[in-house]
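Observations on chain architecture
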Amino acid sequence: MALAVVLLSIWVLLISPAHSLTCTSQRLTNNKKPYDSCLDLPTLSSYLHYTYNATNSSLSIAFVSTPASPDGWVAWAINPTAKGMAGSQALIALKSSGSLVVKTYNIISYSNLTESKLSFQTWDLKAESGASGTTVIYGKLKVPEKAETLNQVWQVGAQVANGHPMKHEFKQANLQAKGPLNLVKKPGSLTPASAPTPGTPGSPGVPSPDRGGQSMIRANVVGLFMGLVLFLVTVSAL
């Protein structure tokens, strides 16, 4: 009996870190009603909670990510015309005059970010600090009627100057921070927008640092657990 208790305790301790990485474990404080779906985005330790209302073609979202520095920014965007950052319509959370706010930007190009109204209607925009240094963007937006898939983009940056976001890094994780948002099918975890080169994080056999290598963590947990079982059974039999 004692052996069973020890094994169960070890299993719980080992398996918990892998599950804690998913969006389903997050608790959001601003929404009165839980979102219908959530996504573990494949890069930048980011997550999207959302509800699509086909009746009035609206999308309610909560985007969760961690700024690249405590005084940095996070962004979530929809690109109506392409799959990258250029041309996207962005919600950017940053500190302005000491307060965390959401500003809307038309990202014409990587070097031309213009604070302005977006090409679609938005309302109920709000940002708040979340757990473990995260920032949460809440908002509602109008999407094209009968839309099934949207091009989403997300990003994080380290600096804000005069109430405006400064350039983000151009590492692989930043460049891959884009992907489809399917409004009508049950979501699963996205895969990176473009395949990484062999031997780099995210390629087969190499865990992605942004997702924590969840599949490999689970595989390693199972292997370690079975090894401990064999060891304890052998010891108890002596």
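Before any of the text, the structure's been laid out above.
The present account deals with the structure reproduced in this document. Only a predicted model underlies this, so the values are computations on that prediction, with no experimental measurement involved.

Inspection of the entire model under this criterion finds two salt bridges. For Lys140, the salt bridge identified is with Asp124, shortest N-O distance 3.5 Å. Here Lys140, found in strand S9 (residues 135-142), pairs with Asp124, found in strand S8 (residues 122-129); they are 16 residues apart in sequence, far enough to count as distant. Residue Asp124 is classed as partly exposed on the basis of its relative accessible area, which comes to 49%. Glu169 is the partner of Lys171 in a salt bridge, and the nearest nitrogen-oxygen pair spans 3.5 Å. Relative accessible area serves as the criterion here: at 51%, Lys171 is assigned to the exposed category.

Turning our eyes to something else, we now look at the environment of Leu91. Along the chain, Leu91 falls in strand S5 (residues 89-96). Setting aside its immediate chain neighbours within four residues, Leu91 contacts Ile61, Val74, Ala75, Trp76, Val102, Lys103, Thr104, Leu118, Thr122, Leu125 and Ile137.

Under the definition given, this model contains one disulfide. Each sulfur of the disulfide joining Cys23 and Cys38 lies 2.0 Å from the other. A torsion of 65° about the S-S bond marks the disulfide between Cys23 and Cys38 as right-handed. With Cys23 in the loop between helix H1 (2-19) and strand S1 (37-40) and Cys38 in strand S1, this pair connects stretches of sequence that are 15 residues apart.

Where a strand is regular, its side chains alternate between the two sheet faces. Across four bridges, the pairing between strand S6 (residues 99-109) and strand S7 (residues 112-115) is antiparallel. Residue pairing across strands places Ile107 opposite Leu113, the latter belonging to S7. The hairpin turn running from S6 into S7, its antiparallel successor, is two residues long.

The next point concerns the environment of Ala131. Within the secondary structure layout, Ala131 lies in the loop between S8 and S9. Residue classification places Ala131 among the exposed residues on the basis of a relative accessible area of 59%. In sequence terms Ala131 and Arg27 are 104 residues apart; their C-alpha atoms lie 9.0 Å from each other.

Here we come to unusual backbone geometry. Notably, Ser57 is not glycine yet its phi reads approximately 55°, a positive angle. Assignment of secondary structure puts Ser57 in the loop between strand S2 (47-53) and strand S3 (58-65). Residues other than glycine seldom take positive phi values, yet Ser97 does so here, at roughly 55°. For Ser97, the position within the fold is in the loop between S5 and S6.

Another point: a nonpolar patch on the surface. Residues Tyr110, Phe170 and Leu175 make up a contiguous nonpolar surface patch of roughly 310 Å² in combined accessible area. Within the secondary structure, Leu175 is located in helix H2 (residues 172-175). For Leu175, a relative accessible area of 43% gives the class partly exposed.

Procedures and definitions
Residues numbered from 1 in each chain as written. Predicted model: local features only at pLDDT ≥ 70, side-chain atom pairs only at ≥ 80, totals over all residues. Heavy atoms only, no water. Salt bridge = Lys/Arg side-chain N within 4 Å of Asp/Glu carboxyl O. Helix = DSSP H or I, 4+ residues; strand = E, 2+ residues; numbered from the N terminus. Buried < 20%, exposed > 50% of the residue type's maximum accessible area, 1.4 Å probe, protein only. Contact = heavy atoms within 4.5 Å. Disulfide = S-S within 2.5 Å. Pairing = 2+ DSSP bridges. Patch = residues over 30% accessible without salt bridge, like charges linked within 9 Å, V, L, I, M, F, W, Y side chains within 5 Å. Areas by Shrake-Rupley, 256 points an atom, 1.4 Å probe, with all protein chains shown as cover.

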